Amino acid sequence: MTSFQLSNLTRVGGKIAAWVILSSIGLTCASAAAQRAVPFYGAEQVMQAFYQHSALPKATLFNSRAHALEVLLADGCDKPDQLLTLQTSWVQTMLAWEALQTPSVGALVERRTQRRIDFWPSRDKLVAKALREARSGQLDMDLVGSPAKGLPALAVLLGLSPSGIDFAALMPTSRCTYAVAVAADIAAEAADLLQAVSASAQTDWATDAGGTQAAWEQLINQWLGGLERLRWSYINKPIQMALTSNDSLHTAVTSDSIEPTGLPLSAIGWPRPSWQLELQAVQVQWAQLHDLATSVGPGPTDSKDVIGLQTLLQSRGYVALADTWGESVQQVHVAINQLGSSSNVTQLQAVSQQLGSLAHMYQSQLAPAFGVQMGFSDADGD
Amino acid sequence: MQMATRRAYVRAGIGFAIGVATWPAWPSARESTGCQCVLAATWQTKLGHAAGLVQVVLNAHQSPTWRVMSHVVLPTRAHGLHVNSSGEVLISARRPGEWLLRWQPFPDTSDGALQTNLQWHWLSGDTRLNGHVLELTPTDASANVVLTTETDSGSGEGFVVVRSAHTLQPLHRWPTGGRDPHELVVLPSALGTLPAGTVMVANGGIATQTEMGRQKLSLDVMDASLVAMCPRTGGVLKRWTVADSRLSIRHLAWNSVTNRLGVALQAQHDTVLSRANSPVLAVCDGVTLTIASPQGGDMAHAMQGYGGSVCSDGASGFWVTSPLANKAACFDTDAKIRNATPAFIDMPQVCAIALSNRDGAFLPLMAGGSAMYVGNTLATAVGAVALDVVQFDNHWRTFA
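The text that follows walks through the structure, step by step, so that each part is easy to find.

Rules behind the numbers
- Residues numbered from 1 in each chain as written.
- Chains lettered and ligands numbered in written order.
- Predicted model: local features only at pLDDT ≥ 70, side-chain atom pairs only at ≥ 80, totals over all residues.
- Heavy atoms only, no water.
- Helix = DSSP H or I, 4+ residues; strand = E, 2+ residues; numbered from the N terminus.
- Buried < 20%, exposed > 50% of the residue type's maximum accessible area, 1.4 Å probe, protein only.
- Contact = heavy atoms within 4.5 Å.
- Areas by Shrake-Rupley, 256 points an atom, 1.4 Å probe, with all protein chains shown as cover.
- Buried area = accessible area lost by both parts, 1.4 Å probe.
- Salt bridge = Lys/Arg side-chain N within 4 Å of Asp/Glu carboxyl O.
- Pairing = 2+ DSSP bridges.
- Axes fitted to C-alpha atoms, helices over the stretch in contact; angles between N-to-C directions.
- 1 Å grid on protein atoms, 1.4 Å probe; cavity = no way out; pocket = protein on both sides within 12 Å on 5 of 7 lines; lining within 4 Å.
- Points joined across faces, edges and corners; volume = space filled by probe spheres on them.
- Nonpolar A, V, L, I, M, F, W, Y, C, P; charged D, E, K, R; others polar.
- Parallel < 35°, antiparallel > 145°, perpendicular 65-115°, else oblique.
- Left-handed = near helix turned anticlockwise from the far one by under 90°.
- Disulfide = S-S within 2.5 Å.
- Polar contact = N/O pair within 3.5 Å; in protein donor to acceptor, adjacent residues only side chain to side chain.
- Bend = angle between axes of the 7 residues up to and from the residue.
- Phe/Tyr/Trp six-rings, centres within 6.5 Å; stacked < 30°, edge-to-face > 60°.
- Lys NZ or Arg CZ within 6 Å of the ring centre and 35° of its normal.

Next up on the list: the overall build of chain A. Assigned secondary structure in chain A consists of 14 helices and 2 strands. For chain A, buried positions account for 55% of its 382 residues. Restricting to contacts in chain A with at least 6 residues of sequence separation, those with at least 24 account for 73%. If you sum the accessible surface of chain A, you get close to 16000 Å²; carbon and sulfur atoms cover 54% of it.

Facing 38 residues of chain B, the contacting portion of chain A comprises 33 residues. For the pair chain B and chain A, the two sides together bury roughly 3100 Å², of which 46% comes from carbon and sulfur. By the criterion of area lost to chain A, the three top residues of chain B are B:Trp122, B:Glu211 and B:Arg214, representing 21% of everything that side buries. One can count 6 salt bridges joining chain B with chain A.

What follows concerns the sheet that holds strand β11 (residues 145-152) of chain B. Hydrogen bonds along the backbone pair up the strands of a sheet, which may run parallel or antiparallel. All names here are of chain B. Pairing is antiparallel across the open sheet formed by 4 strands, whose spatial order is β10-β11-β12-β13. Edge strands, defined here as strands with exactly one partner in the open sheet, are β10 (127-136) and β13 (170-175). Strand after strand, the sheet turns through a mean of 25 degrees between neighbouring axes, direction not considered. With 7 bridges joining them, β11 and strand β12 (residues 158-164) adopt antiparallel strand pairing. Within β12, the residue paired with Val145 across the bridge is Ser164.

Bringing empty space enclosed by the protein into the picture now. All names here are of chain B. Under the criterion given, the structure shown has 3 cavities of 30 Å³ or more. Here the largest cavity is characterised by a volume of approximately 200 Å³. Taken together, 18 residues form the lining of the largest cavity, with Pro96, Asn130, Thr151, Thr208 and Gln209 sitting closest to its centre. Grouping the constituent residues of the lining of the largest cavity by class yields 3 nonpolar, 8 polar and 7 charged.

Tallying each qualifying case throughout the model produces 27 salt bridges over all chains. Ionic pairing is found between B:Asp126 and A:Arg115, a salt bridge with its closest N-O pair at 2.6 Å. With B:Asp126 in the loop between β9 (118-122) and β10 and A:Arg115 in helix α6 (residues 113-117), the pair connects residues from two separate chains. A salt bridge links B:Arg102 to B:Glu88, with the nearest nitrogen and oxygen atoms 2.7 Å apart.

On to the packing of helix α3 (residues 43-76) of chain A against helix α4 (residues 83-100) of chain A, then. Residues and elements named next belong to chain A. Put simply, α3 and α4 touch, their axes get as near as 9 Å, and they point 160 degrees apart. The angle between α3 and α4 places the two elements in the roughly antiparallel class. Between α3 and α4 the crossing geometry is left-handed. The residues of α4 that touch α3, namely those facing Ala55, Lys58, Ala59, Leu61, Phe62, Arg65, Ala66, Ala68, Leu69, Leu72, Leu73 and Gly76, are Thr85, Leu86, Ser89, Trp90, Gln92, Thr93, Ala96, Trp97, Ala99 and Leu100. Taken together, the residues that form the contact of α3 with α4 break down as 15 nonpolar, 5 polar and 2 charged.

What follows covers the packing of α3(A) against helix α9 (residues 172-202) of chain A. All names here are of chain A. Following both chains from N to C, one finds α3 and α9 inclined at 160 degrees, their axes separated by 8 Å at the closest point. Taken as axis vectors, α3 and α9 run roughly antiparallel relative to one another. Of the two elements, α3 crosses α9, and the hand of that crossing is left-handed. Residue classes in the contact of α3 with α9 are distributed as 20 nonpolar, 7 polar and 1 charged.

Turning our eyes to something else, we now look at the pairing of strand β22 (residues 309-312) of chain B. Residue and element names in this part refer to chain B. The two faces of β22 match: Ser309 and Cys311 on one face and Val310 and Ser312 on the other face are all buried. Alignment of β22 against strand β23 (residues 317-322), held across 4 bridges, turns out to be antiparallel. The partner of Cys311 across the bridge, within β23, is Trp319. Remark: 4 residues form the turn of the hairpin made by β22 and β23, two consecutive strands paired antiparallel; Gly314 in that turn has positive phi of roughly 85 degrees.

Our focus in this paragraph is the pairing of strand β6 (residues 78-83) of chain B. Summarising burial for β6(B): 6 of the 6 residues are buried, a large majority. Turn length for the β6(B)-strand β7 (residues 89-93) of chain B hairpin, with the two strands adjacent in sequence and antiparallel, is 5 residues, and the turn residue B:Gly87 shows positive phi of about 80 degrees.

Two cysteines, two sulfur atoms, one covalent bond between them: this is a disulfide. Residue and element names in this part refer to chain A. Counted by the stated rule, this structure contains 1 disulfide over all chains. Residue Cys77 pairs covalently with Cys176 via a disulfide, S to S 2.3 Å. The S-S bond linking Cys77 to Cys176 shows a torsion near -95 degrees; that makes this disulfide left-handed. On the criterion of sequence distance, the pair formed by Cys77 in the loop between α3 and α4 and Cys176 in helix α9 is long-range, its members being 99 residues apart. As far as the burial class goes, Cys77 and Cys176 line up, both buried.

Residue and element names in this part refer to chain B. Locating Ser312 in the fold gives a position in strand β22. For Ser312, a relative accessible area of 12% translates into the label buried. Among the polar contacts made by the side chain of Ser312, one reaches the main-chain amide nitrogen of Gly314 at a distance of 3.0 Å. When near neighbours in sequence (up to four residues on either side) are disregarded, Ser312 contacts Ala253, Trp254, Asn255, Gly317, Phe318, Trp319 and Leu355.

A:Asn236 marks where helix α10 (residues 209-244) of chain A bends most, by close to 45 degrees; the proline A:Pro238 follows one to four residues later. With 28 of its 36 residues buried, α10(A) lies for the most part within the structure.

Residue and element names in this part refer to chain B. One open sheet holds the 8 strands; their spatial order is β26-β27-β28-β29-β5-β4-β3-β30, and the pairing between them is mixed. Of all strands in the sheet, those with a lone pairing partner are β26 (350-358) and β30 (391-398), marking the two edges. Averaged over neighbouring strand pairs, the angle between their axes works out to 35 degrees when direction is ignored.

Further remarks concern the packing of aromatic side chains. Within a pair of aromatic rings, the relevant descriptors are the distance that separates the centres and the angle that separates the planes. Residue and element names in this part refer to chain A. This model, assessed by the stated rule, comprises 13 aromatic pairs over all chains. Consider the rings of Phe50 and Tyr51, whose centres lie 5.2 Å apart with planes at 75 degrees: the pair is edge-to-face. Each of the two residues, Phe50 as well as Tyr51, counts as buried. Both rings, one in Tyr51 and one in Trp205, keep their centres 5.5 Å apart while their planes meet at 5 degrees; by these two values the pair is stacked. One end of the pair, Tyr51, is in helix α3; the other, Trp205, is in the loop between α9 and α10, and 154 residues separate them in sequence. For Trp205, a relative accessible area of 11% translates into the label buried. Against the face of Phe167 rests Arg175, its NZ or CZ located 3.9 Å from the ring centre.

Residue and element names in this part refer to chain B. For Thr127, the position within the fold is in strand β10. Note on Thr127: relative accessible area 9%, which makes it buried. Taking the C-alpha atoms as reference points, Thr127 and Ile291, separated by 164 residues in sequence, lie 32 Å from one another. Beyond its immediate stretch of four places on either side in the chain, Thr127 contacts Glu150, Thr151, Asp152, Ser153 and Arg173. Here the side chain of Thr127 touches Glu150 through a polar contact of 2.7 Å, side chain to side chain.

Keep in mind these values describe shape, not function.
Structure (structure tokens):
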């Protein structure tokens, strides 16, 4: 009897199956992890662990940092010696948000939080319009569009991101009035998110099989969505945009490739204000994906851990695939952690390529193993 | 550069300068005694994505061959293409798409100046490309414009975006009155009371959300439609829907013999059987949108309810491809399977289709996976670049 058959049998008895010791029969590539006793995990256990041990702590952290930023701005926005403190607080909030939104599931998707507080690039014209409204006392944040608020717009107001806005022409107080309003808007969203995520963490996911299955499928989908966002939106797209700009002097376009010729990372329009901050954002996002990909999950004595994809594969009998997956994830892990301030475009493109390969493996092997239809698939029709 | 020159280049098999690279000459094009067709296509390789010109050589006494004449690298997977009257190729990223490319395969380098032959445009606003693009030459003296189908990321509303043909920057946004607008065509002649120049748009009707990629949402409230839009104002002149709300209206093709519009459909029902029994083609005469008979009566010929692409058959009907059924089928203008030979062509993963004219005889050129069929004959790939093709994308267009 193969390990797959064994773990299928465990589904029969009830929602929480008996522990199964994976037999070495049929295992050609049994790793230490694979030989660990792995139970069959149902969607309800995956979601329970995800919300309790991953989403809730991250939502709590984001809420506290967003609130701290709002308070700091209200207290010291107009004090020049506070600027560095405010900028640091923005970075901390941004990184907490990056962690929470990777992957974006449940309330984050329903509330469209990404769009609400992280619309990038912000639009100078709309930010300037909001500043004028703040100056005239007519500011209504409900009427301000996403491109003029959220973290990217706040980065502009705090001088972290360059902009074409003539702040000198506006009264300094309007800048602070608007910055505080934007921070309060972010903090309000963080508070609402925390409430929603707390409710999900307290949910008994075993009571609604259909809803739980849908939530689990969304989690499987959105892990890939997070990977694609990291690969494309944060790494590859900014590079491609820089390389294909028609006035770029750094590009050699041939019939075989688009090759960088000394394009400095500082010349690329990253979603975050600088390459240094972009790098931190990339590494925080990857850390979340890595955890969800490889976390071992609760052991027999219980632990506070999410049930990772590798464990999930093992629990469903896909032991060899679990091993290959784990190795592939580790290769990307090493590559991303080697990125630094002296990295270059070629190195980033190599990382992007590795992420692309991982995404391909996810779509072509993991998704079928989980029986989930992917929304980020590059292989379906149109 | 005008069309005649482009054709002359292609026929002569002369090498072409592109940017800093030079295309190789193709001796076989000159040596061949058969006719040839050139397609603008996009495809996937092991390393990424590419667009290029594909030359198909048809010999009376040999099996057809194909090779890649030239190619350029793309940042992501492409979807729709359009070849304009100057021989430039417009390419749209697959939905939700973020780039447009104008590729000029034959830049004028006669003055010795180095010209870029690639014009990229990246979307940074709140809409995403839905995959299809065309260039419109107004009948009056106004400048050409490029039309793209797009979705507003915030509202989910569908738009035809009118762009400057020169800069590719958006000029106007025309609501299509539905979600998920996909392919669009400009009527070359009148269709019923709709005048030539009318823009016909297939509203796919499927809701999506940017954060969730291409995941289809709320299929129970699909709102697919075919709309006719005024090319000057973008106003919706006419709108057709189908009774079965789970049929997504996605691809369009004009038949110049019968002056009818072929409309390829994709079923989105919950069960495989319901989808398999669904029609894949409707035909519009300007008044009525006639749906093809369900295919379930003959499961051997079923198209699995998935019309991947559509083109005229050069006579009075349309070819529709189905990569799910591994089959292309030929329909008449009443949307019934044609009583012709062949009415079906079996080909694995077939999707992209265009028509070749071989001595007045029309043959469909089809791609499925990395293979090409000319009619029901497998064409042989020649050259390293052709052998690098892993999968052709969903559509291609006749270039010359």
